[in-house]
Each structure stands twice: as C-alpha cells, then as structure tokens.
Amino acid sequence: VDSSAFAKAVLGGPLKGSRSAGKSGSFFYFSHDDQYCFKTLTSSECKFFRSILPAYQEYMLTHPDTLLPRFLGLFKLRFGASTTPFVCMNNVFPKGAELHEMFDLKGSTVGRFTDEEKKRSAKLVVMKDLDFPPRRIAVGAAMRIMLNGQIAADAKFLQQAGIMDYSFLLGVQYPRGAVPEGDDVAAAWAGAAADGDGDTPTAAAGALASPESSETAIRRALEGDEVISVFQGCEGGTRGPNDIVFFFGIIDILQQYNMVKRSETAFKSLAHGTKSGISSVDPEKYASRFVAYMESLID
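What you see is a predicted model; the values in this text were computed from it and never measured.

### Considerations on the overall build of the chain
Here is step 1 of the chain: Secondary structure assignment for the chain yields eight helices and 10 strands.
Here is step 2 of the chain: Per-residue burial for the chain yields a buried fraction of 42% across its 299 residues.
Here is step 3 of the chain: Of all intrachain contacts in the chain linking residues separated by at least 6 positions in sequence, the fraction that spans at least 24 positions is 69%.
Here is step 4 of the chain: Summing over all exposed atoms, the chain offers an accessible surface of approximately 15600 Å²; the carbon and sulfur share of this is 55%.

As structure tokens, then:
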C-alpha cells in the first residue's frame, strides 16, 4: 500500500461508521472514500492477532487470491488512561460499488436470521443464513472450482489457527437501472446457470493450483506490485448471471475457540439438543460445515 495514498484516504475526510451490528459490540468505521475499514478489538483479540501474525503474513503473501481480510495495520488509540486497539483492513466492497443485497453466511441455522423490523426500516440490511432465498451463486464452472478451492484453503488456515465463527460476506450488485423486484430477483439469479455468463473468469482456470512461493511473493511485495485477486476482475468483484456482480470476503476471523466459546457450545447443544445448527463448534467442525455449505450455494 502506498503510504501517501493511504494517508490521503484515512486523513482526507471524516471517518464514517458506528457500533457494529454484531454481538461483539465493537465499533466499525470506514475511510471517507470507503476504501479502508477500521474495527476496534478487545484486548484478547489483539493479543491473539499478534500471536498468529507471522503465520497470517506468510499465508497472505503466498495466497494472493485469499478471501481473508487484508489487514494493513494494528494500532492503539489512547484516551487518557484507557487504550483501545483497532485494526485497519481493506473494504470487501470496492469504491463505487452499488450494493442491493448483502448476506452474512456461516452454514449454521440457530438464530441465523435478521429481525423483520430491521428489514423494513433500512434500505440495505445484512441478511443471514435463514434469510438466504433458494438461489445459487452462479459464477460459471471454471470460477466455481477456483472459488470453492480458495474457500477450502482459507478455512483450513483458520482451522489450523484455532479460529471459528467467521462468515462469508456476500454483496450483490444488480445492473444499474435494472434492479429486479419480487419474482424477477429469482429469475435474474437463475439465468446464470443456463446462460453461462460466469464462465469468463479473470484469470486462467487452475490459477489456485499451488500457492506462490514465499520468496517470489515477498520480492513482489517489496517491489510494490499491486495484488488483484482473481475474484476482483469485474468492477472489483466476480461476474454472475445477467450482469450481476458478486463481491466476496471471509470476515470476523479473530475468534478463538476459547473457554467462553466452549461453554457456549455445551450450553447451546443442551438447549437445542444438537450441535449441528449452532455457530459455536470447534474449528475443525466449523471449517468442514462452512466449506460444505458454501459448496452447496456456489454454482
């Protein structure tokens, strides 16, 4: 990231944002140009992030098409005697994206819906697993292989780091002036599988076959070469059916499977009589379910 461009984006105007809608209660801000995100962390998240930083850096350098957040810095903001850590990362959605739908998907079902009042009160709300209609994320055969492969690789890294409770963030942009409504929405999504609009990936199929070597990746990074993911070749996203553009990212990746989460697993398993639908499961089960669920949605 160019230092002067970064400073201009961060300091060139007031930050936009508010308290997170999630359970963490963290604060989430965007730079004035929507290019960067800032999220406050708990002290335990900060400590954990620092512990996995070497492995995270190695993974990001050798997997340029990763869907994981691209963290650009870890900072601390001091207010008198109190200190608040926060991270800066790239926005999943590119500058200028006109989002019409947004989904936060985990592959779990318990509590995974958005309140009806929120749906009615806001123009764009983040929907969850149980809100996701019976559609397929149609991107074409070649891109499907690459996307499923990258999700599996990212989930494996998170599993090895002892991380769970992350989400697949999906943004949907319909063609300008042609936003479908009602039954037309399902028809627009369904068109892709038959039309094959997604069969033109932005890089050769098989680009994810093997990670880039650490030496090559580090040299490229030092030379300042910008990394453009294979999933960002169409207006910053991936082309779907009928000129729909999908934006992808895996978010909220700093949740350890700690004692609090283990207790949540035990409590919710008893309350619901099963572990299958709850979010809080161990990293191995979480990754396996997450990958299988996303494979079931991507066409």
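There's more to say after this.
### A few points about the nonpolar core
Here is step 1 of the chain: In terms of nonpolar packing, the biggest core is built from 57 residues, with Ile-137, Tyr-166, Phe-168, Leu-170, Trp-189 and Phe-248 touching the most fellow members.
Here is step 2 of the chain: Of all the secondary structure elements, the ones that give two or more residues to this core are α2 (43-62), β5 (82-90), β6 (101-105), α4 (141-160), β8 (167-173), α5 (183-195), β10 (245-251) and α8 (283-297).
Here is step 3 of the chain: Leu-99, Met-102, Leu-169 and Phe-247 belong to the second-largest nonpolar core, a separate cluster that totals eight residues.

### A short note on the pairing of β10
Look at any regular strand and the pattern is simple: side chains alternate between the two faces of the sheet.
Here is step 1 of the chain: With seven of seven residues buried, β10 is to be regarded as a mostly interior element.
Here is step 2 of the chain: The pairing of β8 with β10 spans seven bridges and is antiparallel. Residue pairing for β10: Leu-169 is matched across the bridge by Gly-249.
Here is step 3 of the chain: Here strand β9 (residues 238-239) pairs with β10 via two bridges, running antiparallel. Directly across from Thr-238, in β10, lies its bridge partner Phe-246.
Here is step 4 of the chain: In textbook terms, the turn of a hairpin is the stretch between consecutive antiparallel strands, and for β9 and β10 this stretch comprises five residues, one of which, Asn-242, has a positive phi near 50°.

### Focus: the confidence of the model for the chain
Here is step 1 of the chain: In this model, the chain carries an average pLDDT of 84, and 84% of its residues clear a pLDDT of 70 or more.
Here is step 2 of the chain: Confidence, expressed as mean pLDDT per element, reaches its minimum in the chain at helix α6 (residues 214-222) with 49 and its maximum at α4 with 97.
Here is step 3 of the chain: Across residues 192-209, where pLDDT falls below 50, the model places 39 contacts with residues more than four positions away in sequence or in other chains.
Here is step 4 of the chain: For residues 217-222, every residue scores under 50 in pLDDT, and the model assigns this stretch 10 contacts once sequence neighbours within four places are set aside.

### Some points on the state of the cysteines
Here is step 1 of the chain: Scanning all chains against the criterion turns up zero disulfides.
Here is step 2 of the chain: You can see Cys-88 has no disulfide; the closest cysteine sulfur is in Cys-37, sitting 7.8 Å from it.
Here is step 3 of the chain: With relative accessibility at 0%, the residue Cys-88 sits in the buried group.

### Here we look at helix α7 (residues 259-272)
Think of an α-helix as 3.6 residues a turn; residues three or four steps apart then line up on the same face.
Here is step 1 of the chain: The end-to-end C-alpha separation of α7 is 20 Å, in line with the 20 Å expected for 14 residues at 1.5 Å each.
Here is step 2 of the chain: When α7 is considered as a whole, its buried residues turn out to be Lys-261, Glu-264, Thr-265 and Ser-269. Each buried residue of α7 lies within a common arc of 125° when the element is viewed along its axis, so the set occupies one face. Among the exposed residues of α7, those pointing more than 90 degrees away from its buried face are Met-259, Val-260, Phe-267, Leu-270 and Ala-271.

### Notes on the packing of α2 against α4
Here is step 1 of the chain: Running from N to C, α2 and α4 cross one another at 165°; their axes reach a closest spacing of 11 Å. What the angle tells us is that α2 and α4 run roughly antiparallel. With respect to the hand of their crossing, α2 and α4 are arranged in right-handed fashion. Residues Ala-55, Tyr-56 and Tyr-59 of α2 touch α4, and the partners they reach there are Gln-150, Ala-153, Asp-154 and Phe-157.
Here is step 2 of the chain: Residues that form the contact of α2 with α4 fall into these classes: five nonpolar, one polar and one charged.

### Looking at the pattern of salt bridges
Here is step 1 of the chain: For the structure shown, the criterion picks out 15 salt bridges.
Here is step 2 of the chain: In this structure, Asp-131 engages Lys-119 in a salt bridge whose closest nitrogen and oxygen atoms are separated by 2.9 Å. Taken as a pair, Asp-131 in the loop between β7 (126-127) and α4 and Lys-119 in helix α3 (residues 116-121) lie far apart in primary sequence, 12 residues in all.
Here is step 3 of the chain: Residue classification places Asp-131 among the buried positions, given a relative accessible area of 15%.
Here is step 4 of the chain: With a shortest N-O distance of 4.0 Å, Asp-299 and Arg-144 are connected by a salt bridge. Taken together, the positions of Asp-299 in the segment after α8 and Arg-144 in helix α4 put the pair 155 residues apart, joining distant regions of the chain.
Here is step 5 of the chain: Here Arg-144 falls in the partly exposed class, since its relative accessible area comes to 27%.
Here is step 6 of the chain: Here the salt bridges do not stand alone but share partners, grouping Lys-106, Asp-165, Lys-261, Glu-264 and Lys-268 into one network.

Calculation criteria
Residues numbered from 1 in each chain as written. Predicted model: local features only at pLDDT ≥ 70, side-chain atom pairs only at ≥ 80, totals over all residues. Heavy atoms only, no water. Helix = DSSP H or I, 4+ residues; strand = E, 2+ residues; numbered from the N terminus. Buried < 20%, exposed > 50% of the residue type's maximum accessible area, 1.4 Å probe, protein only. Contact = heavy atoms within 4.5 Å. Areas by Shrake-Rupley, 256 points an atom, 1.4 Å probe, with all protein chains shown as cover. Core = buried A, V, L, I, M, F, W, Y, C linked by side-chain atoms within 4.5 Å. Pairing = 2+ DSSP bridges. pLDDT = per-residue confidence, 0-100. Disulfide = S-S within 2.5 Å. Expected span 1.5 Å × (residues − 1). Arc of directions from axis to C-beta. Axes fitted to C-alpha atoms, helices over the stretch in contact; angles between N-to-C directions. Parallel < 35°, antiparallel > 145°, perpendicular 65-115°, else oblique. Left-handed = near helix turned anticlockwise from the far one by under 90°. Nonpolar A, V, L, I, M, F, W, Y, C, P; charged D, E, K, R; others polar. Salt bridge = Lys/Arg side-chain N within 4 Å of Asp/Glu carboxyl O.

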